[in-house]
Amino acid sequence: MGGIQVGNLCHNVGSAARTMMDTMDAIRNILADQFWFSIVLGLVVFGGIQGAVAYAILLERKISAWTQDRYGPNRVGPYGILQPIADGLKFFLKEDIIPANVDKALFIFAPWMIFVVALVGFAVIPWGGSFKWGWMEATAKPMVVQVASVDIGLLYIVAVSSLSVYGVVLGGWASNNKYSFYGAIRAAAQMLSYEVPMGMCLMAAILMTGSLRLEEMVDWQARHGWAVMYHPIAALVLFITALAEANRMPFDLAESEQELIGGYHTEYSALKLALFFLAEYSHMITSSAMMICIFFGGYLVPGWEWLNTTPTFGAALVRVAVFAFKIFLFICLYMLIRWTIPRFRFDQLMRLAWKGLVPMTMTLVAAQGLVLYMGWSQWTTTAVNIGVFLFGGFVSVAGGKAVTGRQLSLRRAEAMG
Amino acid sequence: MTAKPDWKQTDIIHVDQPELSMTERMYLPQIFGGMKTTLRHMFKKKLRDETVVQYPEQKRQLRKEIYRGVHRLNRDDQGRVACVACFMCETACPAHCIHIEGAESPWPDREKYPIKFDIDELRCIYCGMCEEACPVDAIELTPEYHLVGGSREEMIFDKEKLLNIFDRTKDEKPRKNPNITGY
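Not measured: the values here are computed from a predicted model.

This part covers the overall build of chain B. A tally of regular secondary structure across chain B gives six helices and five strands. Seen in sequence order, chain B has helices and strands lined up from the N terminus as α-α-α-β-α-β-β-α-β-β-α. Against the globule reference of 16 Å for 183 residues, chain B gives a C-alpha radius of gyration of 27 Å, more extended than a compact globule. Projected onto the principal axes, the alpha-carbon positions of chain B cover approximately 80 × 70 × 35 Å. Buried residues in chain B amount to 34% of all 183 residues.

Quick look at the structure:
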């Protein structure tokens with residue numbers, strides 16, 4: 001009697017263990033399949049970005065406080081680390097006002113549009129190179145820590161991030177408010193203008209690395225060193241345009257509080273306003289990630305062979321951490337700039353783009369093309385970069401007016417008339 | 001005939017913008033200079049600790065004799081309300097927050113006294129004009145600024161409340177001239 005029971009028990013335990021083994025195998029198979037892995041990664045990245053954005057807002061408040069000799073939020077949790085939760089709750093609990101005379105459909109659609117557009121850009125960012133699970137065969141194709149490895153990765157990011165201007169314009173237009181509308185118009189003009197030098201910078205990078213895939217650009221930098229060494233000015237201009245694209249401080253004319261109340265989001269409240277903020281900060285993270293991939297070596301650290309080449313999951317995690325740390329540094333830089341530099345005037349903004357950045361970056365693209373065609377050393381472009389910068393400064397000094405200076409000719413005309 | 005202007009063309013002084021230097025034209029050195037300042041302040045923890053007042057735990061050092069907080073209605077040396085219901089403060093008040101009802105005084109040294117004296121502390125702009133207008137120094141502003149209430153009605157301070165504030169604050173800020181009585 002007892003023997004039978006023990007036997008049954010043993011049988012049950014055995015089958016349970018077998019089922020568990022089967023499940024483990026199934027999970028392993030799923031994780032070893034790039035499609036399912038990408039879906040899992042996508043969800044992880046989505047959640048991670050949301051958390052990162054919440055804490056980026058806390059970081060911004062802290063940095064703004066520190067630069068002004070204040071403490072910043074320090075009441076909710078130790079050092080205020082629970083502040084993002086309180087902020088989020090507040091946004092949820094506020095009354096969501098839709099003013100009477102707005103275009104209701106567009107008014108509701110605009111924040112979601114800008115939010116979605118800001119998030120899909122993450123799909124092509126290579127977070128941590130490639131790796132193999134311990135149980136995978138040596139011949140198997142390595143897993144890529146990237147949601148979608150597409151041929152036109154960089155083009156995709158540029159296309160998607162330019163779409164965010166639609167959210168701003170729709171929001172401003174639908175609000176049926178002069179200030180919102182001014183903000184939207186400014187945002188549209190500004191974003192379109194700064195796309196041009198941004199595209200030029202990217203073109204120089206694409207010509208140099210010979211690829212539109214961000215992961216291949218990172219690989220190129222593993223062989224040749226960080227691209228910022230060959231194109232320092234292009235990297236700088238890309239950073240400036242990224243500031244302008246994200247509507248960050250020296251270029252935040254779309255929401256300049258002193259003139260336009262809140263700019264395009266004047267009429268928004270509660271969750272819709274939160275979406276605009278989420279989009280702005282997500283955009284900052286995407287553009288930082290893009291810049292890091294193109295010019296600052298992605299997840300690589302020069303001279304750390306183990307990190308750069310090991311194909312294990314642990315190493316991939318460390319690479320992701322390195323990448324996240326670089327993004328963190330960029331975000332800190334963004335914020336430091338916001339609390340340092342005053343806003344441009346609109347004519348100065350346009351002048352900087354069209355008379356300053358566009359000619360400079362065009363020269364860089366031409367120089368990069370020439371270097372490729374003639375087969376010169378890549379270091380030639382470094383010299384060209386420095387030369388272009390110095391020449392720009394020289395022209396500005398010799399011409400007697402700064403690129404963003406006041407239009408002296410206007411006053412001369414007044415005096416003559 | 002046009003009137004001759006009383007200024008000459010030579011009186012006009014054209015003020016030119018100061019010339020930008022080489023580094024100012026190139027922006028970047030200036031931007032880095034600015035960022036240096038910002039960074040320096042970011043890591044000045046000592047300065048923060050000295051300047052920031054953590055409000056509910058720490059309180060500001062006020063100059064009690066001039067701070068303009070909530071009002072009080074002074075009592076004279078016999079504990080009577082010092083106000084003589086002359087309506088000067090009500091007239092001077094730019095926010096129209098004072099409402100007085102006067103009556104014949106039961107005391108021989110003055111003609112009138114207020115049977116009602118209301119100040120709407122929510123309308124008040126704390127300018128201190130009532131204090132200046134008062135001929136008998138009966139109304140004064142105190143260094144108290146913790147002014148809280150659950151409703152608008154609660155924030156209309158009546159005579160009793162204002163006299164209580166005097167009892168509470170007379171040690172902190174004594175009445176300017178305690179000898180004035182009649183008017």
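That was the structure; now back to the text.
Turning our eyes to something else, we now look at the sheet that holds strand S5 (residues 156-157) of chain B. All names here are of chain B. The three strands lie next to each other as S2-S3-S5, forming an open sheet whose pairing is antiparallel. Edge positions in the sheet fall to strand S2 (98-104) and S5, since each of these pairs with one other strand and no more. As judged from the two bridges shared by strand S3 (residues 112-120) and S5, these two strands associate in the antiparallel manner. If you follow Asp120 over to S5, its bridge partner there is Ile156. Taken strand by strand, helix H6 (residues 159-169) contacts S3 and S5, and its axis lies near 90° from that of S3.

Sheet faces and side chains relate simply in a regular strand, where the side chains alternate between the two faces. Bridge count for S2(B) against S3(B) is seven bridges, and the pairing is antiparallel. Along S3(B), the bridge assignment pairs B:Glu104 with B:Lys112.

Pairing between side chains of opposite charge can happen when the charged atoms of each approach one another. This structure, assessed with the given rule, holds 20 salt bridges over all chains. With a shortest N-O distance of 3.3 Å, A:Glu280 and A:Arg248 are connected by a salt bridge. Residue A:Glu280 is located in helix H10 (residues 270-295), and its partner A:Arg248 is located in the loop between helix H8 (232-245) and helix H9 (257-260); the two are separated by 32 residues in the primary sequence. Just as A:Glu280 is buried, A:Arg248 falls in that class too. Close ionic contact of B:Arg110 with B:Asp109 constitutes a salt bridge, the shortest N to O distance being 3.6 Å.

Quick look at the packing of helix H6 (residues 178-209) of chain A against H8(A) now. Packed helix pairs are specified by the crossing angle of their axes together with the interaxial distance, meaning the distance between the axes. Residues and elements named next belong to chain A. It is at 9 Å that the axes of H6 and H8 come closest, and there the two elements cross at 155°. Viewed along their axes, H6 and H8 adopt a mutual orientation that is roughly antiparallel. By crossing handedness, the relation of H6 to H8 is classed as left-handed. Side by side, H6 and H8 meet where Gln190, Met191, Tyr194, Glu195, Pro197, Met198, Cys201 and Leu202 of the first sit next to Ala234, Val237, Leu238, Ile240, Thr241, Ala244 and Glu245 of the second. In terms of residue class, the contact of H6 with H8 is made up of 11 nonpolar, two polar and two charged.

The rules behind these values
Residues numbered from 1 in each chain as written. Chains lettered and ligands numbered in written order. Predicted model: local features only at pLDDT ≥ 70, side-chain atom pairs only at ≥ 80, totals over all residues. Heavy atoms only, no water. Helix = DSSP H or I, 4+ residues; strand = E, 2+ residues; numbered from the N terminus. Rg over C-alpha atoms; globule rule 2.2 N^0.38 Å. Buried < 20%, exposed > 50% of the residue type's maximum accessible area, 1.4 Å probe, protein only. Pairing = 2+ DSSP bridges. Contact = heavy atoms within 4.5 Å. Axes fitted to C-alpha atoms, helices over the stretch in contact; angles between N-to-C directions. Salt bridge = Lys/Arg side-chain N within 4 Å of Asp/Glu carboxyl O. Parallel < 35°, antiparallel > 145°, perpendicular 65-115°, else oblique. Left-handed = near helix turned anticlockwise from the far one by under 90°. Nonpolar A, V, L, I, M, F, W, Y, C, P; charged D, E, K, R; others polar.

Functional significance is not addressed by these values, which are geometric in nature.
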